[in-house]
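Report on the structure
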Amino acid sequence: MRIQSHPFVPCPERPAVEFRFDGTAYQALQGESLAAALWAVGVTALRRSDVDGAPRGIYCGIGHCFECRVHVLGMGTVRACLTPVTAGMQVFSARPEAAGAE
Amino acid sequence: MNCDLAVVGGGPAGLAAAREVAQRGGSVVLFDENPTLGGKLLGQLHEERSGAWWKGWEVAARLVGEAQSAGVRAYTGASVWGLEPGWTTHVAYPHGPASGPGRVTAKAVVVATGAMEKTLPLPGWTLPGVMTVGAAQVLMNVYRVLPGLRAVVVGIDPLALSVARQLKLAGAEVLAVVPPARHRLSTPLGEPEHVLSMLGAMSKAAPNLAQRLAGSLLRSKAGRCIATRTPMPESFDVWGIPLRLRTPLERVEGDGQVEAVVLGRRGANGEKRGPETTLAVDVVCLSGGLTPFADLLAAAGVLFTNAPALGGAVPRHGPAGKTQSTGLYVAGSAGGVEGADVAAAQGRAAGIAVAMELGLVPSSSNELGDALRAEAAARATAKLEFYPGAAAARQLLASGWAVSG
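Quick look at the structure, then. (Residues numbered from 1 in each chain as written. Chains lettered and ligands numbered in written order. Predicted model: local features only at pLDDT ≥ 70, side-chain atom pairs only at ≥ 80, totals over all residues. Heavy atoms only, no water.)

What follows concerns the overall build of chain A. Assigned secondary structure in chain A consists of two helices and seven strands. Reading chain A from its N terminus to its C terminus gives the helix and strand order β-β-α-β-β-β-β-β-α. For chain A, whose C-alpha radius of gyration is 14 Å, the value lies close to the compact-globule estimate of 13 Å for 102 residues. The 102 residues of chain A split such that 48% are buried. (Helix = DSSP H or I, 4+ residues; strand = E, 2+ residues; numbered from the N terminus. Rg over C-alpha atoms; globule rule 2.2 N^0.38 Å. Buried < 20%, exposed > 50% of the residue type's maximum accessible area, 1.4 Å probe, protein only.)

Structure follows, in structure tokens:
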């Protein structure tokens, strides 16, 4: 969820945009990281482990660990914590052909 | 593209180094992986002794403005993946459209890539909702997103305490700050002597804690030896946050994401005692400690030395961040973990040293001496000390450099 009130951190001045994660539409603030946008709407599992299929999500948050890797249509595998969200972005927890998408 | 200086990393050290060379007429490019310049300053927030609150993002805005006014060409979303003698930097733009050059040849390079968190493996640590304190800080202070409503922080150190306080400010309930349980993969983080030395280090940031711990006694090794023979204190409340030293985190539990933590119970000498307790939480923030993130320097052949008080493996360097390779410098936490003020001072010194090497500053100038003195002053007045003994470790590194280069 987004922070409702904070004594010091200013409200982001970013326009609202829509993006999709595994086909579901969500609202985000343009330019925030995909990791933050998904965490804000309660999506904590970004992928499944290659080893045991267990859900995985943000760990280091600063681009070092690659735990937050997702697939963005037109970009390939990216780190959600470093990728700014744009209007109409299509994000997947696995490669789109595996998800049956275009 | 050719230029005088390429800077890798747009945090306080990189921005300061870039500014100094550009202000003296050098052509400078700067690369940063993040969407916004400022490095970790962007998420930092803490209370000064005066009671005023220091906001890292405001400092970042000032440094960015200075660098841009000086004519630094900065590229964001830019991952520098290669560094070759000559010096050639190879750049990729994986998070968006390519917004800058793919290859730059520069007469000098300043690597200011900062620090990374060491891992803190624990059973259940891969569950979504277990994240580093750094990740929580970015979510809260950069993106204004709440990491969770009920948090436990694992690790007794200055950064853990700072983030615990930030979690409270953001609206989370911080149930406890606890050490990690000891297990076959664990580091010294859970050991009583380490915990006590961290409490000593934290006393610099938390004056009320200092009073209760007689902080200066604990900071000395003798004090620690004495203290560990007496029962380790069980708990403190700092800023309304419960530090619970005798209930280490044993494991994280949940179905698909974090739902609870299980805490053990330790007696006065660290021995197991009593039953475990379970706390319902939705986020667990791990503080494994910071260590320099200097892979590019390793790839470029720079040798490293072990300096625990600076975070661990530190690239060997001399005054102003000069490495053994001509034209290659390190600045900021990549050369040893300290705070933002020290990083900015190091960046300034490295920038001036580069400018001298490029012939932009006369060798008779006092500027470098001034900058090095300013770095020492920043260290002496640092508000947040990550590890006790950074100044002594720097002296050791400097004397090693003076002997062998």
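We now examine the side chain of Glu32(A). Take Glu32(A): it is sitting in the loop between β2 (24-29) and α1 (34-40). Apart from the residues lying within four places of it in its own chain, the contact partners of Glu32(A) are Arg2(A), Arg14(A), Ala37(A), Thr83(A), Pro84(A), Val85(A) and Tyr143(B). (Contact = heavy atoms within 4.5 Å.)

All names here are of chain B. Their axes nearest at 8 Å, the elements helix α10 (residues 340-357) and helix α11 (residues 367-380) cross at an angle of 165°. The orientation of α10 with respect to α11, classified from their angle, is roughly antiparallel. The hand of the α10/α11 crossing is left-handed. Across from Asp341, Val342, Ala345, Gln346, Arg348, Ala349, Ile352, Ala353 and Met356 in α10, the residues of α11 making contact are Glu367, Leu368, Asp370, Ala371, Leu372, Ala374, Glu375, Ala378 and Arg379. Taken together, the residues that form the contact of α10 with α11 break down as 11 nonpolar, one polar and six charged. (Axes fitted to C-alpha atoms, helices over the stretch in contact; angles between N-to-C directions. Parallel < 35°, antiparallel > 145°, perpendicular 65-115°, else oblique. Left-handed = near helix turned anticlockwise from the far one by under 90°. Nonpolar A, V, L, I, M, F, W, Y, C, P; charged D, E, K, R; others polar.)

All names here are of chain A. Spatial ordering of the open sheet is given by β2-β1-β7-β5-β6, a layout of five strands whose pairing is mixed. Taken across any chain shown, the strands that pair with only one partner, and hence form the sheet edges, are β2 and β6 (76-79). When the angles between neighbouring strand axes are averaged without regard to direction, this sheet yields 40°. Where strand β5 (residues 69-72) meets β6, four bridges bridge the pair, whose relative direction is antiparallel. Looking at β6, one finds that valine 72 is bridged to glycine 76. (Pairing = 2+ DSSP bridges.)

Considering all chains together, one arrives at 22 salt bridges over all chains under this definition. Here Arg69(A) makes a salt bridge to Asp50(A), at a shortest N to O gap of 3.6 Å. One end of the pair, Arg69(A), is in strand β5; the other, Asp50(A), is in the loop between β3 (47-48) and β4 (55-56), and 19 residues separate them in sequence. Linking Arg24(B) and Glu20(B) is a salt bridge whose minimum nitrogen-to-oxygen distance equals 2.7 Å. (Salt bridge = Lys/Arg side-chain N within 4 Å of Asp/Glu carboxyl O.)

Residue and element names in this part refer to chain B. Taking 1.5 Å of rise per residue, the 12 residues of helix α1 (residues 12-23) would be expected to cover 16 Å, and the 16 Å separating its terminal C-alpha atoms lies within 8% of that figure. Of all 12 residues making up α1, 11 are buried, and the element is well covered by its neighbours. For α1, the complete set of buried residues consists of Pro12, Ala13, Gly14, Leu15, Ala16, Ala17, Ala18, Arg19, Glu20, Val21 and Ala22. Check the buried side of α1 and you find it contacts β1 (2-8), β2 (28-31), α2 (56-70), β8 (103-111) and α10. Of the residues flanking the end of α1, it is glycine 25, one or two places downstream, whose phi is positive at about 100°. (Expected span 1.5 Å × (residues − 1).)

It is worth spelling out the state of the cysteines at this point. Under the counting rule described, the total for this entry stands at zero disulfides over all chains. The cysteine Cys68(A) is free of any disulfide, with Cys81(A) supplying the nearest cysteine sulfur at 3.7 Å. (Disulfide = S-S within 2.5 Å.)

Another point: the interface of chain B and chain A. On the side of chain A, 35 residues touch chain B, which itself brings 41 residues to the contact. The junction of chain B with chain A conceals about 3,400 Å² of combined surface from both sides, 63% of it contributed by carbon and sulfur atoms. There are one salt bridge connecting chain B and chain A. Across the pair Arg79(A) and Glu33(B) runs a salt bridge, and its minimum N-O distance is 2.9 Å. The tally of links between chain B and chain A comes to nine residue pairs in polar contact (both at pLDDT 80 or more). Counting only elements with at least two residues in the side of chain B that touches chain A, the list comes to β4 (53-55), β9 (115-117), β10 (130-132), α3 (133-142) and α4 (158-170) of chain B. Ranked by the residues each element gives to the side of chain B that touches chain A, the list is headed by α3(B), at six residues. Here the residues of the side of chain B that touches chain A are counted per class, giving 25 nonpolar, 12 polar and four charged. (Buried area = accessible area lost by both parts, 1.4 Å probe. Polar contact = N/O pair within 3.5 Å; in protein donor to acceptor, adjacent residues only side chain to side chain.)

To continue, consider the side chain of Asn141(B). Its place among the elements puts Asn141(B) in helix α3. On the basis of relative accessibility, which here comes to 3%, the residue Asn141(B) falls in the buried class. Not counting chain neighbours up to four residues away, the residues in contact with Asn141(B) comprise His6(A), Val9(A), Leu42(B), Gly43(B), Leu45(B), Trp57(B) and Gln166(B).

Right, let's get into the nonpolar core. Generally speaking, soluble globular proteins have nonpolar side chains that are buried together. Counting residues in hydrophobic clusters, the biggest one holds 83 residues, and the most contacted among them are Phe19(A), Leu34(A), Val153(B), Val154(B), Leu167(B), Leu249(B) and Val284(B). Setting aside its immediate chain neighbours within four residues, Leu34(A) contacts Phe19(A), Val70(A), Val72(A), Ala80(A), Thr83(A), Val85(A), Met89(A) and Val91(A). Judged by nonpolar contacts, the second largest core, of 38 residues, contains Trp54(B), Val64(B), Ala67(B) and Leu368(B). (Core = buried A, V, L, I, M, F, W, Y, C linked by side-chain atoms within 4.5 Å.)

All names here are of chain B. Overall, antiparallel pairing links the three strands, which are arranged β15-β16-β17 in an open sheet. At either margin of the open sheet sits one strand with a lone partner, and together these are β15 (249-253) and β17 (277-280). Direction aside, the axes of adjacent strands within the sheet are offset by 25° on average. Alignment of β15 against strand β16 (residues 260-263), held across four bridges, turns out to be antiparallel. Bridge pairing in β16 links arginine 251 to valine 262.

All names here are of chain B. Axis separation between α3 and α4 bottoms out at 10 Å; the angle between their running directions is 30°. Here α4 runs roughly parallel to α3, going by the angle between their axes. Between α3 and α4 the crossing geometry is left-handed. When α3 is examined against α4, the residues Val133, Ala136, Gln137, Met140 and Asn141 are found in contact with a partner set consisting of Leu159, Ala160, Val163, Gln166, Leu167 and Ala170.

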